[in-house]
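One letter stands for each residue in the lines below.
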Amino acid sequence: MNDLPGLPAFPVSRPRRLRRTAALRRLTAAVAVRPQDLVLPMFLAEGAAEPRPIGSMPGVVQHSMDSLAKAAIAAVQAGVGGLMLYGVPLVKDATGSGADDPNGILNAGLARLKFELGDATVLMGDLCLDEFTDHGHCGVLSLDGSVDNDATLQRYASMALALAEAGADLVGTSGMMDGQVGVVRRALDEANRYDVGVLAYVPKYASSFYGPFREAVDSSLIGDRLTYQQDPARGVAEALAEVALDVAEGADIVMVKPALPYLDILTAVAADCPVPVAAYQVSGEYAMVEAAAERGWIDRERVLLETLLSIRRAGASMTLTYWAHEAAVLLGSA
Ligand code: PBG
């Protein structure tokens, strides 16, 4: 019987019973993060002889070709489920011609990773022009300086074939042009590349949390992406509509981006989506935790694992995170 002072004498529920021991908590856990659900985004810099640190992303580097191969193999051995590659070219131009050049840095890197890892991991390549354009936008520009949606789609179709040829299992359409998934799917199908899937970055918000990423890829962007990425002030309905469009156009996986500030969106998308739903814990989310940890203000490892758990609990079946390798090691030894 209840003997708590001031409460009536009848049995009361005691939720703390199941929290008493680690074994009870482990048995009753509803969600867990598994190493194989984590995808590691990696940066490969053309002409780099050594890995170069990225100031606003402590612990993350722009890889050289050899350090990329080594780090990718180590991450896969630690159990991560996939790799997402971004290229940082030496030369950028108006149309991002390095993006669909078979010898361009992204395609060369994918080919190297395919050679090293074969089908032992899921190899993904970013299908966007922003790393390759001298103006830093995700597409080609019209005369008035705005991003030309349909001219950009032509470039994406060509880039999709280049990434597929280089060895990507999945291409990540991250440019937020209307119709991009359909155009990429058709280009792949016409080349008989039915085997290559589309990871659609949608819903993808025009977020200031991408700041450190722009340093990571030496972005030349002046301005913002507010005219093509989604408005953070729009709600769940728009997110669901964007997802429905991309699924109809052939998206194999959709991805909510950023993750932690958009868990409401993630939960809504995951609740009713016919394809797997990923989340991207982006550079700014990473940087915030690293910065606070550096000051000794938070327990770094516990916080990073808690963020991953929260993203999982909100409904992500996989998460792109710069902590993928480290988290896989932490989870493996847990
Ligand atoms: C675009 C792209 C961006 C990110 C991934 N793909 C930058 C942007 O949209 O401005 C950001 C990822 C991150 O911040 O970690 N190619």
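Parameters and conventions
Positions within a chain are numbered from 1, following the residues in the order the chain's sequence is written. Local features in this predicted model are restricted to residues whose pLDDT is 70 or higher, and side-chain atom pairs enter the listing and the counts only when it is 80 or higher, whereas totals over whole chains, interfaces and linings include all residues. Hydrogens are left out, water is left out, and the side-chain values use all remaining heavy atoms of the structure. Between buried and exposed lies partly exposed: a residue is buried under 20% and exposed over 50% of the maximum accessible area for its type, with that area taken using a 1.4 Å probe on protein chains only. Secondary structure is summarised from DSSP: a helix means a run of H or I of at least four residues, a strand means a run of E of at least two, and numbering begins at the N terminus for each. Our arc is simply the arc of the directions from the helix axis toward the C-beta atoms. Whether two residues are in contact is decided by their heavy atoms, any of which lying within 4.5 Å being enough. We call a residue near a molecule or strand whenever a single non-hydrogen atom of that residue lies within 4 Å of it. In protein, a polar contact means a hydrogen-donor-capable atom and an acceptor-capable atom, both N or O and within 3.5 Å, with residues adjacent in sequence counting only if both atoms are side-chain atoms; elsewhere, any N or O pair within 3.5 Å suffices. Using a 1.4 Å probe, the Shrake-Rupley method yields the accessible areas, and only the shown protein chains count as cover for residues. Under this grouping Gly is polar, as are all residues other than the nonpolar Ala, Val, Leu, Ile, Met, Phe, Trp, Tyr, Cys and Pro and the charged Asp, Glu, Lys and Arg. Salt bridges are identified by distance alone: a Lys or Arg side-chain nitrogen within 4 Å of an Asp or Glu carboxyl oxygen. In this description, a nonpolar core means a group of buried Ala, Val, Leu, Ile, Met, Phe, Trp, Tyr and Cys residues linked to one another through side-chain atoms lying within 4.5 Å. Lines are fitted to the C-alpha atoms to define the axes, a helix being fitted only along its stretch in contact, and any angle between axes, read from their N-to-C directions, falls within 0 to 180 degrees. Angle categories are assigned with fixed cut-offs, so that under 35 degrees is roughly parallel, over 145 is roughly antiparallel, 65 to 115 is roughly perpendicular, and the rest are oblique. For a crossing to be left-handed, the near helix must be turned anticlockwise from the far one by less than a right angle; the clockwise case is right-handed. One less than the number of residues in a helix, times 1.5 Å, gives the span that helix is expected to have.

It is not clear to me how helix 8 (residues 263-271) should be interpreted in this structure. Could you clarify?
Ile265, Leu266 and Val269 are the residues of helix 8 that are buried. Looking straight down helix 8, one finds its buried side chains confined to an arc of 100 degrees; they lie on one side. Looking at the packing, one finds that the buried side of helix 8 touches helix 7 (236-249), strand 8 (253-256), strand 9 (277-280) and helix 10 (300-314).

Would you explain the site of the ligand in this entry?
Around the ligand sit 18 residues in total, of which Asp130, Arg214, Lys257, Ser283 and Tyr322 are the nearest. Asp126 is positioned such that a nitrogen or oxygen atom in its side chain is 3.0 Å from a nitrogen atom of the ligand. In this structure, Ser283 approaches the ligand through a side-chain N or O atom, which is 2.7 Å from an oxygen atom. Expressed as a share of its isolated accessible area of 400 Å², the protein-covered part of the ligand is 100%. Here the shell around the ligand is composed, by residue class, of eight nonpolar, three polar and seven charged.

Would you explain the pattern of salt bridges in this entry?
Pairing between side chains of opposite charge can happen when their charged atoms approach one another. According to the stated counting rule, one finds 13 salt bridges in the structure shown. We note a salt bridge from Arg155 to Asp100, for which the minimum N-O separation is 2.7 Å. Here Asp100 lies in the loop between strand 4 (82-88) and helix 3 (105-117) and Arg155 lies in helix 4 (residues 149-166), a separation of 55 residues in the sequence. Here Arg155 and Asp100 have matching classes, each one buried. As a salt-bridge pair, Asp169 and Lys114 come within 3.1 Å of each other at their nearest N and O atoms. Here the residue Asp169 occupies a position in the loop between helix 4 and strand 6 (170-173), and Lys114 occupies one in helix 3, the gap between them amounting to 55 residues. Several salt bridges share partner residues, and in doing so they unite Asp66, Arg112 and Glu116 into one network.

Would you mind going over the nonpolar core with me for this structure?
Looking at soluble globular proteins, one finds that nonpolar side chains tend to be buried together. In this structure, Phe43, Leu83, Tyr156, Val171 and Val254 are the most contacted members of the largest nonpolar core, which totals 101 residues. When residues of this core are assigned to their parent elements, the largest contribution, eight residues, is made by helix 4. Beyond its immediate chain neighbours, meaning those up to four positions away, Val254 contacts Ala200, Val202, Val243, Val247, Val269, Cys273, Val275, Pro276, Val277 and Ala278.

Hey, could you run me through the packing of helix 4 against helix 5 (residues 180-190) in this one?
For any two helices packed against each other, the geometry is given by the interaxial angle and the distance between the axes. Contact pair helix 4 / helix 5: the axes reach a minimum separation of 9 Å and the direction vectors enclose 45 degrees. By the angle between their directions, the pair helix 4 and helix 5 is classed as oblique. The two elements helix 4 and helix 5 cross, and the hand of that crossing is right-handed. Residues Leu153, Tyr156, Ala157, Ala160, Leu161 and Ala164 of helix 4 pack against Gln180, Val183, Val184, Ala187 and Leu188 of helix 5. In terms of residue class, the contact of helix 4 with helix 5 is built from ten nonpolar, one polar and no charged.

Please explain unusual backbone geometry as it appears in this structure.
If a residue is not glycine, its phi is most likely negative; likewise, a peptide bond is most likely trans. Cis geometry is found at the peptide bond from Val202 to Pro203, where omega equals -5 degrees. Mapped onto the secondary structure, Pro203 falls in the loop between strand 7 (197-200) and helix 6 (211-216). Note that the residue after Lys257, namely Pro258, is joined by a cis bond; omega there is -10 degrees. On the secondary structure map, Pro258 appears in the loop between strand 8 and helix 8. With a phi angle near 60 degrees, Met176 is a residue other than glycine that sits in the positive phi range.

It is not clear to me how helix 3 should be interpreted in this structure. Could you clarify?
In an α-helix, one full turn covers 3.6 residues, which means residues spaced three or four apart are oriented alike. With 13 residues, helix 3 should cover 18 Å at 1.5 Å per step; its first-to-last C-alpha distance of 18 Å lies within 8% of that length. The complete set of buried residues in helix 3 reads Ile105, Leu106, Asn107, Gly109, Leu110, Leu113 and Leu117. Among the structural elements, strand 1 (38-45), helix 2 (65-77), strand 4, strand 5 (122-127) and helix 4 are those in contact with the buried residues of helix 3. Positive phi appears at Gly118, one or two residues downstream of helix 3, with a value of about 55 degrees.

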